[in-house]
Amino acid sequence: MKRHLLESADLDRADATMVLDTAAQIDQALAGREVKKLPTLRGRTVVNLFYEDSTRTRISFELAAKRLSADVINFSAKGSSVSKGESLKDTALTLEAMGSDAIVVRHGASGAPHRLAHWVRGSVVNAGDGTHEHPTQALLDAYTIRQRLGRLEGVRVALVGDVLHSRVARSNVWLLRTLGAEVTVVAPPTLLPVGIGSWPVEVSYDLDAVLPKADVVMMLRVQAERMNASYFPSAREYSRRYGLDGRRMAALSDDAIVMHPGPMNRGMEIAAEVADSVRSTIVEQVGNGVSVRMAVLYLLLGGNEPA
Amino acid sequence: MKRHLLESADLDRADATMVLDTAAQIDQALAGREVKKLPTLRGRTVVNLFYEDSTRTRISFELAAKRLSADVINFSAKGSSVSKGESLKDTALTLEAMGSDAIVVRHGASGAPHRLAHWVRGSVVNAGDGTHEHPTQALLDAYTIRQRLGRLEGVRVALVGDVLHSRVARSNVWLLRTLGAEVTVVAPPTLLPVGIGSWPVEVSYDLDAVLPKADVVMMLRVQAERMNASYFPSAREYSRRYGLDGRRMAALSDDAIVMHPGPMNRGMEIAAEVADSVRSTIVEQVGNGVSVRMAVLYLLLGGNEPA
Amino acid sequence: MKRHLLESADLDRADATMVLDTAAQIDQALAGREVKKLPTLRGRTVVNLFYEDSTRTRISFELAAKRLSADVINFSAKGSSVSKGESLKDTALTLEAMGSDAIVVRHGASGAPHRLAHWVRGSVVNAGDGTHEHPTQALLDAYTIRQRLGRLEGVRVALVGDVLHSRVARSNVWLLRTLGAEVTVVAPPTLLPVGIGSWPVEVSYDLDAVLPKADVVMMLRVQAERMNASYFPSAREYSRRYGLDGRRMAALSDDAIVMHPGPMNRGMEIAAEVADSVRSTIVEQVGNGVSVRMAVLYLLLGGNEPA
């Protein structure tokens with residue numbers, strides 16, 4: 001595995017499978033324990049460098065690092081020297097000089113983690129950059145699918161919603177492809193990227209046509225701030241055409257599952273009855289997020305064997 | 001003891017006494033130690049979920065959890081997915097899925113911790129909800145009284161100030177009653193709740209009449225934001241009638257103590273000479289807060305015996 | 001060594017040398033280790049009490065404390081009871097009552113750490129107070145000079161820039177003097193304090209005249225907010241007269257080094273080619289900051305021998 005995890009494309013099939021297998025081993029190792037902690041990264045420092053607020057992702061990485069016994073520093077760029085005009089490069093060099101072994105970075109600009117990775121000797125993990133990628137989300141989604149369906153090869157995934165602005169969509173498309181799944185993106189034309197023709201996916205504008213053939217329906221979050229931006233006529237119209245409600249869920253095959261990266265807009269892209277149904281993996285995804293991030297930190301920082 | 005600590009009424013006399021006794025044992029165990037830490041909750045995760053700022057209470061719980069060797073996650077709802085419209089329920093399920101064993105919640109809405117408790121399998125501790133309750137404050141107050149006066153049964157407590165808006169008052173009234181103390185609330189009529197007639201307390205509007213008979217004077221914080229809300233004529237008028245100054249302190253019996261939950265408005269509800277006098281337990285209350293919260297987390301999370 | 005570290009003048013030559021030697025021992029001890037942590041302060045609590053934002057300094061102290069195995073509490077005064085009007089004294093007493101062994105304080109008012117030190121029994125470390133002092137910055141600078149040049153006695157230091165508002169300058173002047181270095185301050189007259197005549201320094205207004213004789217050039221950060229305050233005509237003018245660019249760097253003697261406390265304004269007081277040159281110690285300073293702060297906490301809290 002490479003030193004950094006910047007995008008799904010950093011992972012070939014063997015790497016990606018090793019992350020999922022390591023996460024599974026960690027889950028198994030901790031399941032049998034009173035003290036749900038591994039000593040692997042004791043004395044190592046993981047910095048959460050967040051230029052955008054994301055409490056959920058920050059906490060998931062923080063817990064992952066702490067359960068590996070690392071020290072964690074939370075660095076929110078708001079109100080920091082960044083706001084005094086310090087460059088990303090100087091911030092990176094500062095954190096490395098302080099002894100950080102890994103920097104987990106969330107940034108509003110696509111590509112920021114890649115630039116960071118040029119400047120530091122430690123590992124960089126992309127925790128979401130602009131509209132580009134969010135690779136640990138894709139890994140936890142793949143882990144969840146494998147856990148529920150027993151395989152990834154040949155699994156048919158419908159990815160539904162604002163693909164244009166979604167780093168979750170990008171990361172999932174590439175990783176799922178690497179792992180042998182087949183992806184259909186379903187979205188209004190205004191919410192598809194221009195280059196969609198070159199992605200390894202099918203494209204559909206008709207959710208109802210796709211659902212019966214899907215093993216996995218992955219709903220994307222609607223960003224409220226897009227709502228007024230003329231990407232689609234109205235929230236109600238969006239929900240009517242691309243929301244997953246109980247009626248649509250009934251069209252799914254027996255074993256099909258419903259995923260969402262959270263946080264959800266209940267009643268918008270996903271109905272409460274769907275979110276809370278047995279098909280929903282939403283809560284499992286959150287738990288798997290911690291396991292997968294433990295696996296990533298473990299593999300990148302080259303810890304010892306999990307005890 | 002129940003799984004949660006949501007309000008003083010959750011604690012019967014045996015439970016409440018067990019919390020106080022456990023806090024005393026913890027104090028004793030740590031007093032003899034170089035390393036002021038117990039291994040009891042190693043590998044457990046405590047989340048401080050704060051929808052309102054309260055650095056003081058947050059730090060107290062954070063220290064309590066860390067001294068029991070738990071991992072602590074601080075989740076301030078500001079700037080989080082909560083502000084993206086995530087529901088309390090989804091936040092709760094997310095935290096639980098990440099492996100939190102206890103959620104310590106501070107919320108502006110009365111009853112929020114009770115709702116949380118319905119959704120999670122772990123423990124919920126109410127760290128203040130609206131104008132409703134703040135049970136660990138009442139426990140640390142009871143612990144402090146018992147420590148100073150040697151008993152709670154029959155102790156006469158004067159609770160002075162803005163009872164209407166005070167969760168500290170509510171929690172204390174119920175817990176003190178459970179533990180056998182007698183409470184007199186002293187406040188202007190505008191700062192008493194409508195249902196005060198059904199509370200197990202005496203009511204007085206005359207602080208000077210109550211002080212000579214009190215073993216404990218518990219001053220409530222005046223919320224500056226109430227000042228302009230026509231609850232009383234002016235700060236000076238309030239202070240003159242319901243503030244505790246040196247002259248009034250002289251009317252207390254020899255062993256009587258003065259309490260305040262903090263932060264104080266020195267010169268407003270309490271004079272500096274009173275706050276800094278030997279009768280004042282204000283600093284002890286803060287220290288006891290950590291011990292009592294350790295006891296609560298210890299009992300709720302069912303740790304092993306304190307070593 | 002005294003109980004507190006409030007200003008450089010708290011340190012006589014023996015004390016200051018002991019801090020630097022202890023930092024060197026710590027660096028050496030950790031260099032040979034898999035787990036970069038010492039058990040020295042296990043069970044102790046260090047509070048970062050920051051009334052001003054300074055992510056960089058806060059993280060440096062946080063890492064220093066964690067690498068000594070202390071528990072760390074971050075207390076940002078924003079949104080805390082401080083904003084509800086709690087006095088510095090009550091905040092200090094509260095933190096001490098909660099069991100803090102050391103308070104690391106950053107405050108906008110010169111002298112605030114001294115006042116704090118009167119109220120608490122634990123140790124107080126000044127992490128920057130107003131325009132007064134920032135003693136650990138001076139210690140890390142001295143450590144860096146000694147590391148690079150092998151000595152401090154007789155070293156000629158040029159301190160360049162906004163001396164008037166700089167606590168870094170004040171702390172360095174006194175500590176460098178104590179350790180036998182010779183300091184020349186270089187600044188426009190408007191950015192020198194009125195009492196500069198009583199400082200143990202040479203004064204110059206001509207950077208080009210000073211550079212060839214300097215062993216160390218210590219650039220101070222230009223505060224953008226001073227720029228419009230008529231302290232000097234314009235940014236360009238300042239940079240032209242007092243900025244360190246490649247041409248000026250060429251005038252330095254072969255072994256001379258360039259220092260900056262960070263965060264830098266690249267292109268303003270220091271050119272990128274200087275900041276990134278081999279003469280620059282800027283990244284080392286950051287790393288040394290953690291070591292020196294470990295040494296300070298270790299010596300103040302009287303830990304056991306580093307293992």
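Rules used throughout
Residues numbered from 1 in each chain as written. Chains lettered and ligands numbered in written order. Predicted model: local features only at pLDDT ≥ 70, side-chain atom pairs only at ≥ 80, totals over all residues. Heavy atoms only, no water. Helix = DSSP H or I, 4+ residues; strand = E, 2+ residues; numbered from the N terminus. Rg over C-alpha atoms; globule rule 2.2 N^0.38 Å. Buried < 20%, exposed > 50% of the residue type's maximum accessible area, 1.4 Å probe, protein only. Contact = heavy atoms within 4.5 Å. Areas by Shrake-Rupley, 256 points an atom, 1.4 Å probe, with all protein chains shown as cover. Lys, Arg positive; Asp, Glu negative; His and termini not counted. Charge placed at Lys NZ, Arg CZ, Asp CG, Glu CD. Salt bridge = Lys/Arg side-chain N within 4 Å of Asp/Glu carboxyl O. Polar contact = N/O pair within 3.5 Å; in protein donor to acceptor, adjacent residues only side chain to side chain. Least-squares fit on C-alpha atoms with pLDDT ≥ 70 in both. Pairing = 2+ DSSP bridges. Axes fitted to C-alpha atoms, helices over the stretch in contact; angles between N-to-C directions. Left-handed = near helix turned anticlockwise from the far one by under 90°. Nonpolar A, V, L, I, M, F, W, Y, C, P; charged D, E, K, R; others polar. Phe/Tyr/Trp six-rings, centres within 6.5 Å; stacked < 30°, edge-to-face > 60°. Lys NZ or Arg CZ within 6 Å of the ring centre and 35° of its normal. Buried area = accessible area lost by both parts, 1.4 Å probe.

Engineer: I would appreciate a short explanation of the overall build of chain A in the present structure.
Structural biologist: Secondary structure assignment for chain A yields 12 helices and 9 strands. In terms of overall dimensions, chain A is globule-like: its C-alpha atoms have a radius of gyration of 19 Å, near the 19 Å expected for 307 residues. Across its three principal axes, chain A shows a C-alpha extent of roughly 55 × 50 × 35 Å. Here chain A holds 307 residues, and 64% of them are scored as buried. Contacts in chain A between residues at least 24 apart in sequence constitute 75% of all its contacts with a sequence separation of at least 6. About 11100 Å² of surface is accessible on chain A, with carbon and sulfur atoms providing 49% of the total. One way to put it: in chain A the 36 positive side-chain charges average out to a point 3 Å from where the 35 negative ones average out.

Engineer: Whenever I open this one, the side chain of R279 of chain C confuses me. Can you help?
Structural biologist: Residue and element names in this part refer to chain C. For R279, the position within the fold is in the loop between α11 (272-275) and α12 (282-300). This buried residue, R279, is left without a salt bridge; D254 holds the nearest opposite charge, at 5.1 Å. Looking at R279, its side chain comes within polar contact range of the main-chain oxygen of S253, at 2.8 Å. If we skip the residues at most four places from it in the chain, R279 touches R148, M249, L252, S253, D254, D255, A256, I257 and V258.

Engineer: What's the story with the pattern of salt bridges in this structure? I'm lost.
Structural biologist: Close approach of charged atoms allows side chains of opposite charge to pair. All names here are of chain A. Per the counting criterion, the structure on display carries 49 salt bridges over all chains. Across the pair R148 and E284 runs a salt bridge, and its minimum N-O distance is 2.5 Å. Here E284 lies in helix α12 (residues 282-300) and R148 lies in helix α5 (residues 135-149), a separation of 136 residues in the sequence. Exposure remark for E284: the relative accessible area of 27% places this residue in the partly exposed category.

Engineer: What should I look at first to understand the relation of the copies chain A and chain C in this one?
Structural biologist: Superposition of the two copies of the chain requires a rotation about an axis together with a shift along that axis. Rotating chain A by 120° and moving it 0.0 Å along the rotation axis overlays it on chain C with an RMSD of 0.0 Å. With respect to symmetry, the two chain copies, as superposed, fit the operation of a three-fold axis.

Engineer: Looking at this structure, how should I read the sheet that holds strand β8 (residues 216-219) of chain A?
Structural biologist: Backbone hydrogen bonds hold the strands of a sheet together, and the pairing may be parallel or antiparallel. All names here are of chain A. Taken in spatial order, the 5 strands of this open sheet run β7-β6-β5-β8-β9, and their pairing is parallel. The sheet is open, and its two borders are formed by β7 (202-204) and β9 (257-259), each paired with just one other strand. Ignoring strand direction, the axes of neighbouring strands in this sheet form an average angle of 20°. In the sheet, strand β6 (residues 182-186) pairs with β7 via 3 bridges, with the strands oriented parallel. Its bridge partner being in β7, V185 is matched across the sheet by V203. α5 contacts β5 (156-160), β8 and β9 of the sheet and is inclined by roughly 165° relative to β9. Contacts from helix α6 (residues 167-178) reach β5, β6 and β8 within the one sheet, and its direction differs from that of β5 by about 165°.

Engineer: Even after reading the chapter, I still don't get the sheet that holds strand β1 (residues 45-50) of chain B, so can you show me in this structure?
Structural biologist: Residues and elements named next belong to chain B. Strand order in this open sheet of 4 strands is β2-β1-β3-β4, and the pairing throughout is parallel. Pairing within the sheet leaves two strands with one partner each, and these edge strands are β2 (71-76) and β4 (123-129). Neighbouring strand axes in the sheet, compared pairwise and without regard to direction, differ in orientation by 15° on average.

Engineer: Would you explain the side chain of R167 of chain A in this entry?
Structural biologist: With respect to the helices and strands, the residue R167 of chain A is situated in helix α6. Beyond its immediate sequence surroundings of up to four residues, R167 of chain A is in contact with E52, R106, H107, G128, D129, G130, T131, H132, E133 and H134 of chain A.

Engineer: What exactly am I supposed to notice about the packing of helix α5 (residues 135-149) of chain B against helix α11 (residues 282-300) of chain B here?
Structural biologist: Residues and elements named next belong to chain B. Interhelical geometry of α5 versus α11 gives an angle of 115° and a closest axis separation of 8 Å. The interaxial crossing formed by α5 with α11 has right-handed handedness. Across the interface between the two elements, T136, Q137, L139, L140, D141, Y143, T144, Q147 and R148 of α5 pack against E284, Q285, N288, G289, V292, R293 and V296 of α11. Here the contact of α5 with α11 is composed, by residue class, of 5 nonpolar, 7 polar and 4 charged.

Engineer: Can you walk me through the packing of aromatic side chains in this structure?
Structural biologist: Given two aromatic rings, their pairing is described by the distance between the two centres and the angle made by the two planes. Per the stated rule, a full pass over the model turns up 6 aromatic pairs over all chains. The interplanar angle of 50° and the centroid separation of 6.5 Å between the aromatic rings of W174 of chain C and W199 of chain C together place this pair among those described as tilted. In this pair, W174 of chain C sits in helix α6 (residues 167-178) while W199 of chain C sits in the loop between β6 (182-186) and β7 (202-204), placing the two residues 25 residues apart along the sequence. Ring centres of Y238 of chain C and Y242 of chain C lie 5.8 Å apart, and the angle between their planes is 35°; this geometry places the pair in the tilted category. Placement of both Y238 of chain C and Y242 of chain C in helix α9 (residues 235-242) is noted, with a separation of 4 residues, approximately one turn of the helix. Take Y238 of chain C: its relative accessible area is 2%, and that puts it in the buried class. Over the face of the ring belonging to F61 of chain B we find R293 of chain B, whose NZ or CZ atom lies 4.8 Å from the ring centre.

Engineer: Would you explain the interface of chain A and chain C in this entry?
Structural biologist: Many structure descriptions define interface size as the accessible area lost when the parts assemble. With 24 residues of chain A in contact, the opposing surface of chain C contributes 24 residues. Here chain A and chain C share an interface that buries about 2100 Å² over both sides, 52% of which is from carbon and sulfur atoms. Joining chain A to chain C, the criterion identifies 3 salt bridges. Of the charged contacts in the structure, one is a salt bridge between D71 of chain A and K37 of chain C, with a shortest N-O distance of 2.7 Å. For the interface between chain A and chain C, the tally reads 8 residue pairs in polar contact (both at pLDDT 80 or more). Of all the elements in the fold, those that place two or more residues in the side of chain A that touches chain C are β2 (71-76) and α3 (88-97) of chain A. Taken together, the residues of the side of chain A that touches chain C break down into 7 nonpolar, 11 polar and 6 charged.

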